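Chain by chain, the residues:
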Amino acid sequence: MKQKLHLFDKLCWLLLLSLLLSSACSQTEKPTEEGTIVLQDDLGREIQLEKQPLRVVSLASSMTEMLFAVLDTSTIVGRTQNDDYPAAALTKPVVKNYPIDYEQVLRLKPDVIFTVEGITPPDDAARLEELGVPVYYQTYASVEDIFNGLEDIGRIMGREEQAEHLTDSLRQQVNELKQRYQAQQRQPLRVLAITWKDPIYVHGQNTILTDKLHILGAENAVQEVFDQPYPSITREYILKLNPDVILGDDREKMEKEFFGQYPELRKTKAYQQGRIYGTTDNLMSRPGPRVVESILELERLLYHE
Amino acid sequence: MSKLLYVTAALLLILVVLLLGLQVGSFESGIATIADAFLYYNPDNTTHFAIVHLRLPRLLLALVVGASLAFAGYLLQAMVNNGLAEPYLLGTASGASLGAVVVFFGFVESTVAGFYLPPVLAFAGAFITTLMAVMLGYRKRQLIPSQLLLAGIALSSLCTAVVGLLTFLSDSEGKLKSIIFWSMGSFERASWTLLPYPAVALLLALLLFIFYQKQLNILLLGAERAQALGLQVAQTRWVILLTVSIVTGFSVASSGPVGFVGLIIPHVTRSMMGASGRWNLLFCAFIGGLFMMLCDLLSRLIYPPVGIPIGIITSFFGVPFFVYLLSRKNYNF
């Protein structure tokens, strides 16, 4: 009997889900009759909220930046141990995100947790939901996805206006950059961005960096699409790519830790022309509201150094 | 005579695999380009450069490391008279991993006075762990093989636990990538500056054991009988131990720990060449090198450009063969 009920329950949910999907919206928000809000996150997972959330916790540093950019900061009740931006985030209680400190989460009583795919394992999210805390995932493949993410957060939290105000301004900056650089007729600069030196890992085609470079009329030197967003490559592969610019650490550090170890790579065009630059790690690696700042940093390195 | 034929065949196969391996890489290159690169080397031609400075040292490093591990495994199995022994049993691999990982976790600078430290500390870690295992295996002025191996296993677990702890506490994905390298091995870091260390160690060790071959074979009869036959068992064991530590230490420091080769190749050798023979050691080294070169080549063909971590390939291809060997009725250690 119990099992039958369970099956019935499942069917009901399935029906509800298909109804929601048929409304064909990437980010759905529907108050049901009882006042429950049903959302669908970027991974297509269904999230139910009993009311408009008033207390949120972030489990990813980039998400903390997203939340602080859009929300009333009093609604943010927890952040991760790695967060360092904005300064106001440091005043919030820490929730260790790996391994997750479940008790701390419960202590902070969030109505919803925001996180990013790849940072919070699905197992952890399932456990949090068992404990009664819904988890909302975002994932971004492009700069525009980040802006959409900001707007989604605004909608869920009742801060549409603030979110749109921010994204309008960010989009405008991106469009100006596009107009400035994409119209130019010159050969695009081919940029290789190193994420780890031993073994060598780089930004692959499926990373936001590719889009950031595209906005600036440049391109990711790694054109091949690998399974991983950050593939491991060989010295020979880099010699073949022969990038115009190599991003990683500042020249001195790269000389010591990268080219010192792989002297063969001194034959690359980037090295020969001295085009080795360091980027601000948090700007480069975090998909957040400072993405435009990150693009502007790349612009300075690519065209004004 | 037929044994010498085996050795010659192994050597020829090494040359064939070398020629095949030189053609695999990101730059298109056939036999003609390879020949060009060696006969009319042009440093401005990046294909030539890649063949001579990246592919050749990589293949040679695989050869040297494979040969070193097989050779060290053979010596150790003879020393303890047990087919389960392998060079890493003395804690060498885990010690090396710990040494290298210490650098990646920022406890020390990664480059000091122009020296890139991970391989240096890996060698130090390997050597210190082995030394500690030897000290623990030494009792009443005698080296007790079973105690030595147990000490090695215990120290190995300890090092693995520390690496595990550091991995757990790691705050960056990149560090985990380095740990993967230092737990499964790769030949990607090969270069002409790195190659001489393991190569010279191996050559000296091979030369030494041309003279020690007889003692090694007597040791196979068991310590007591060897002693009765006038062999200085303790001294022979020390020579073996020192050789194994140095050869394994250099190979693990240059390519990370590559499992399984040190265990199976000595068995392959004995199954083909008999339990003791004058060409055994040389054949073991050649076959070990050949096997490793083939594994590296396969790993790069299956998953270009970097290749699957080499330890995975050696197990994938080594285990079925090992099972076949074990199931053969006429082979015993």
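Computed from a predicted model, the values in this text were never measured in an experiment.

J.: I keep staring at the overall build of chain B and nothing clicks. Help me out?
T.: The helix and strand tally for chain B stands at 13 helices and 4 strands. For a compact globule of 333 residues, the expected C-alpha radius of gyration is about 20 Å, and chain B comes in at 20 Å, within 12% of that figure. Residues classed as buried in chain B amount to 56% of the 333 residues present. When contacts within chain B are restricted to residue pairs at least 6 apart in sequence, those whose partners lie at least 24 apart make up 73%. Of the roughly 14800 Å² that chain B leaves accessible, carbon and sulfur atoms contribute 71%. Across chain B, the centroid of the 17 positively charged side chains sits 21 Å from that of the 10 negatively charged ones.

J.: Please explain the domain arrangement of chain A as it appears in this structure.
T.: Size of an interface: often given as the accessible area lost when the parts come together. Residue and element names in this part refer to chain A. Splitting chain A by domain gives domain 1 (37-139) and domain 2 (185-304). Distance from the C-alpha centre of domain 1 to the C-alpha centre of domain 2: 31 Å. In this complex, domain 1 contributes 8 residues to the contact, which on the side of domain 2 involves 6 residues. Summed over both sides, the interface of domain 1 with domain 2 buries roughly 650 Å², with 54% coming from carbon and sulfur. Of all residues in domain 1, the largest losses of buried area upon contact with domain 2 belong to Ser62, Glu65 and Tyr85, amounting jointly to 56% of the total for that side.

J.: What should I look at first to understand the UniProt feature "transmembrane region" (unreviewed entry) in chain B in this one?
T.: Residues and elements named next belong to chain B. Residues annotated by UniProt as "transmembrane region" (unreviewed entry) correspond here to residues 58-76, 88-108, 114-136, 148-170, 190-212, 238-265, 277-299 and 306-327. Secondary structure content for residues 88-108 is 62% helix and 0% strand, and the end C-alpha separation is 25 Å. The distance from the first to the last C-alpha atom of residues 190-212 is 31 Å, and the span holds 74% helix and 0% strand.

J.: Help me understand the layout of surface pockets, please; the structure alone is not making it clear to me.
T.: Take a probe with the size of a water molecule and roll it over the atoms, and the empty space left behind shows itself. All names here are of chain B. Empty space within the second largest pocket amounts to approximately 610 Å³. Around the second largest pocket, the lining is made up of 21 residues, and of these Phe115, Tyr116, Pro119, Leu194 and Tyr197 lie nearest the centre. Broken down by class, the residue content of the lining of the second largest pocket amounts to 12 nonpolar, 7 polar and 2 charged.

J.: What's the story with the side chain of B:Gln213 in this structure? I'm lost.
T.: In this structure, B:Gln213 sits in helix α8 (residues 196-219). Those residues within four positions of B:Gln213 in sequence are excluded, and the remaining contacts are B:Gly277, B:Arg278, B:Trp279 and B:Leu281.

J.: Explain unusual backbone geometry to me, please; I cannot follow it from the model alone.
T.: If a residue is not glycine, its phi is most likely negative; likewise, a peptide bond is most likely trans. A cis amide bond, omega -15°, links A:Tyr98 with the succeeding residue A:Pro99. Structurally, the position occupied by A:Pro99 is in the loop between β5 (76-78) and α3 (102-108). In this chain, A:Asp198 is followed by A:Pro199 through a cis amide linkage whose omega measures 0°. By the secondary structure assignment, A:Pro199 is in the loop between β8 (190-196) and β9 (201-202). A positive phi angle is found at A:Lys109, which is not glycine, with a value near 45°. Of note, B:Phe260 is a non-glycine position whose phi angle comes to about 80°, a positive value. Judged by relative accessible area, which is 17%, B:Phe260 ranks as buried.

J.: Please clarify how helix α11 (residues 261-273) of chain B should be interpreted in this entry.
T.: Residues three or four positions apart in an α-helix share a direction because the helix packs 3.6 residues into each turn. Residue and element names in this part refer to chain B. With 13 residues, α11 ought to run about 18 Å at 1.5 Å a step, and its terminal C-alpha atoms sit 17 Å apart, in line with that. Burial analysis of α11 places 12 of its 13 residues in the buried class, which makes it a mostly covered element. Looking only at α11, the buried set comprises Val261, Gly262, Leu263, Ile264, Ile265, Pro266, His267, Val268, Thr269, Arg270, Ser271 and Met273. Its buried side turned inward, α11 meets α1 (2-21), α3 (46-80), α12 (280-302) and α13 (310-327). Downstream of α11 by a residue or two, Gly274 has a phi angle that is positive, lying close to 90°.

Parameters at a glance
Residues numbered from 1 in each chain as written. Chains lettered and ligands numbered in written order. Predicted model: local features only at pLDDT ≥ 70, side-chain atom pairs only at ≥ 80, totals over all residues. Heavy atoms only, no water. Helix = DSSP H or I, 4+ residues; strand = E, 2+ residues; numbered from the N terminus. Rg over C-alpha atoms; globule rule 2.2 N^0.38 Å. Buried < 20%, exposed > 50% of the residue type's maximum accessible area, 1.4 Å probe, protein only. Contact = heavy atoms within 4.5 Å. Areas by Shrake-Rupley, 256 points an atom, 1.4 Å probe, with all protein chains shown as cover. Lys, Arg positive; Asp, Glu negative; His and termini not counted. Charge placed at Lys NZ, Arg CZ, Asp CG, Glu CD. Domains from an automatic or database assignment. Buried area = accessible area lost by both parts, 1.4 Å probe. UniProt positions renumbered as here; feature names shortened; annotations may be inferred. 1 Å grid on protein atoms, 1.4 Å probe; cavity = no way out; pocket = protein on both sides within 12 Å on 5 of 7 lines; lining within 4 Å. Points joined across faces, edges and corners; volume = space filled by probe spheres on them. Nonpolar A, V, L, I, M, F, W, Y, C, P; charged D, E, K, R; others polar. Expected span 1.5 Å × (residues − 1).

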